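Residue strings, one per chain:
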Amino acid sequence: MAANESLIRGFSSAVSPLTETLLEADSRDVGAGLRSRGNYLPAQKKIPLSRYHSPEFAALEKHKLWMKVWQFACREEDIPAVGDRVPYTVGDLSFVILRSAPHEFRAFYNTCLHRGTRLCDGAGSGASLRCPFHAWEWNLDGSLKNIPSRWDFSGVNSADYRLPEVKVGTWGGFIFINPDPAAAPLEQWLGPLPEFFKACPSEDRFTAFHIRKRVKANWKVTLEAFLESYHVVETHSDSLTFTGDASTQYDIWEDGKSHISRLITPLGIPSPHLGDEASAIVATNRAFEVFAMATPGIPVPQFDATSRLSGRAQVAEWRRGLLGAGLARDFAPWADAAMLDSVQYFVFPNFCPWYGEGLPLVYQFLPFGTDPNESVMSVRLTAPVPGGGLPRPPSAPIVELDFDEPFSSKPEIGLLSLIFDQDMSNLPRIQAGLRGAAADRAEATLGRYQEQRIQHFHEVLEKILSV
Ligand code: FES
Ligand SMILES: [Fe+2]
């Protein structure tokens with residue numbers, strides 16, 4: 001940023017303060033992670049719309065992005081036992097991720113070395129990887145185990161027929177892969193992220209619900225719809241009474257090796273867009289109602305004017321008690337922000353882990369097949385592993401939603417499904433609109449503050465693709 005350029009960091013009012021003011025007023029110390037501020041602001045540039053639909057651009061991404069960077073594949077709990085495996089598919093690239101020993105994970109190209117059949121099409125398990133076509137078979141470490149009619153393959157030297165393997169790294173129960181054999185370690189790619197999650201460790205959580213949604217939009221269109229809260233005022237206008245959309249704080253951490261960003265959208269305060277209509281009491285009462293939806297039938301509290309606590313602190317305190325009792329865990333040290341707010345991190349290129357209990361989600365964004373106009377978004381709702389010696393719950397199986405199936409066809413995630421459907425309704429329209437743009441105006445113009453994470457994403461992408 002030029003020295004003389006001033007940056008307006010959000011829009012606020014007396015009842016709708018900026019996030020940094022709310023963090024300072026928290027009933028707990030919010031901790032170093034939430035206090036930490038970004039160190040980077042990307043340069044302002046327009047984004048050519050062709051990169052969202054050009055097959056050439058998608059091919060460039062395949063070879064220079066997906067084949068070269070660390071990317072989020074799955075969670076350790078998806079493959080809890082030795083021999084368990086899942087496919088991780090990026091466009092027409094596919095890898096088998098498997099647990100090869102109690103604390104060891106491996107990833108192989110998902111292609112048989114006989115005649116190329118895909119080895120793993122869905123979650124499975126077993127002591128070996130066996131091709132469904134002629135039963136060529138590999139051990140879990142990738143070494144060749146068996147070839148039927150071995151006498152017919154005298155030219156096949158077993159040592160040369162190990163399954164080609166790619167790099168695997170783990171953090172916080174997440175499994176990442178990188179097909180580039182020369183890649184630097186995952187730790188470098190994650191940069192400050194592990195430090196930010198110290199107070200709320202992702203390894204202590206499990207996948208309570210898992211949806212994979214196919215979308216008629218480029219994977220970057222789908223991703224970018226979730227990197228800003230600027231769209232809330234129009235797309236999620238029914239959330240304005242209890243969501244500080246324009247009070248959202250955005251941060252970017254960039255050191256040339258790791259590319260991390262974050263938004264914190266406060267909950268339990270009204271949107272500054274409401275002006276004179278904004279009410280802190282209504283915001284508190286709506287926040288109580290929204291969080292109560294996760295536990296149908298429980299009595300819903302109301303704002304207590306006699307309490308010495310702020311409305312946000314009241315909602316946070318109620319949630320601490322509710323979650324603490326339900327999970328036999330102690331939430332007493334958790335900040336109000338960690339109990340209420342939407343704290344979403346992004347690790348380039350496809351990984352959004354959310355922090356805390358406000359909106360405990362994990363997103364993954366991927367191209368779908370070879371059509372650049374299609375993508376797949378995976379949404380996990382996570383929960384803390386119960387305390388009190390209770391067993392770790394199993395990871396929820398994946399619910400697949402096709403292009404035309406709404407999230408609301410799976411009412412298990414309650415209000416969230418309606419919010420996702422609001423987002424989803426935009427995506428095919430964006431994809432259609434950008435393909436039909438006037439040739440001399442086929443570019444996106446981004447907001448300086450609220451859309452800086454999208455700007456940053458493209459800056460990193462351009463560098464990696466050398467465009
Ligand atoms: S293609 Fe896999 S065994 Fe023949
Ligand atoms: Fe949204």
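Before going into details, it helps to say that this report is about the structure given with it. (Residues numbered from 1 in each chain as written. Chains lettered and ligands numbered in written order. Predicted model: local features only at pLDDT ≥ 70, side-chain atom pairs only at ≥ 80, totals over all residues. Heavy atoms only, no water.)

Regarding the side chain of Gln-422
Tracing the backbone shows Gln-422 in helix α11 (residues 415-435). Not counting chain neighbours up to four residues away, the residues in contact with Gln-422 comprise Thr-235, His-236 and Asp-238. (Helix = DSSP H or I, 4+ residues; strand = E, 2+ residues; numbered from the N terminus. Contact = heavy atoms within 4.5 Å.)

Concerning the sheet that holds strand β6 (residues 128-130)
Taken in spatial order, the 3 strands of this open sheet run β6-β7-β8, and their pairing is antiparallel. The open sheet has two free edges, formed respectively by β6 and β8 (144-146), since each of these has just one partner strand. Mean inter-strand twist for the sheet, computed between neighbouring axes without regard to direction, equals 35°. In the sheet, strand β7 (residues 137-139) pairs with β8 via 2 bridges, with the strands oriented antiparallel. Directly across from Trp-138, in β8, lies its bridge partner Leu-144. (Pairing = 2+ DSSP bridges. Axes fitted to C-alpha atoms, helices over the stretch in contact; angles between N-to-C directions.)

A word on the pairing of strand β11 (residues 205-215)
With respect to burial, β11 is a largely interior element, 9 of its 11 residues being buried. Bridge count for β11 against strand β17 (residues 375-384) is 10 bridges, and the pairing is antiparallel. Paired with Lys-213 across the strands is Met-377, a residue of β17. (Buried < 20%, exposed > 50% of the residue type's maximum accessible area, 1.4 Å probe, protein only.)

Here's the deal with the coordination of the iron ion (ligand 2)
Protein coordination of the iron ion (ligand 2) is provided by His-231 (NE2), His-236 (NE2), Asp-423 (OD) and Asp-423 (OD), with donor distances spanning 2.0 to 2.6 Å. Coordination at the iron ion (ligand 2) is irregular: its 4 donor atoms span angles of 54 to 150° at the metal. Along the chain, the residues donating to the iron ion (ligand 2) are arranged with the sequence spacing H-x4-H-x186-D. Taken together, the positions of His-231 in the loop between α6 (219-224) and α7 (232-235) and Asp-423 in helix α11 put the pair 192 residues apart, joining distant regions of the chain. We note that His-231, like Asp-423, is buried. (Donors = N, O, S within 2.8 Å, 3.2 Å for Na, K, Ca; no water. Tetrahedral: all angles 85-135°; square planar, octahedral: opposite > 155°, others 65-115°.)

Digging into the sheet that holds β17
Taken in spatial order, the 8 strands of this open sheet run β12-β13-β14-β15-β16-β17-β11-β18, and their pairing is mixed. Bordering the open sheet on either side are β12 (249-254) and β18 (398-401), each of which pairs with just one other strand. Ignoring strand direction, the axes of neighbouring strands in this sheet form an average angle of 15°. Across the sheet, helix α12 (residues 452-465) touches β12, β13 (259-265) and β14 (342-347), and the angle it forms with β12 is around 20°.

Quick notes on unusual backbone geometry
Keep in mind that most residues, glycine aside, have a negative phi and that most peptide bonds are trans. At the junction of Phe-348 and Pro-349, the peptide bond is cis and its omega measures out at 5° in the coordinates. As for its placement among the helices and strands, Pro-349 is situated in the loop between β14 and β15 (351-355). Positive phi, normally seen in glycine, also occurs at Ala-135, with a value near 70°. Among the structural elements, Ala-135 can be located in the loop between β6 and β7. Its relative accessible area of 15% is what places Ala-135 among the buried residues. Here Ser-149, not a glycine, exhibits a phi torsion of approximately 55°, which is positive. Structurally, Ser-149 can be placed in the loop between β8 and β9 (165-171).

Observations concerning the packing of aromatic side chains
One pass over the full model with this rule turns up 33 aromatic pairs. Plain terms: the ring middles of Trp-171 and Phe-197 are 5.4 Å apart, the flat faces sit at 80° to each other, and that makes the pair edge-to-face. Of this pair, Trp-171 sits in strand β9 while Phe-197 is found in the loop between α5 (193-196) and β11, placing the two residues 26 residues apart along the sequence. For the pair shown, Trp-171 and Phe-197 are each scored as buried. Measuring from ring centre to ring centre gives 6.2 Å for Phe-226 and Phe-420, while their planes differ by 45°; the resulting arrangement is tilted. Separated by 194 residues along the polypeptide, Phe-226 in the loop between α6 and α7 and Phe-420 in helix α11 bring together distant segments of the chain. (Phe/Tyr/Trp six-rings, centres within 6.5 Å; stacked < 30°, edge-to-face > 60°.)

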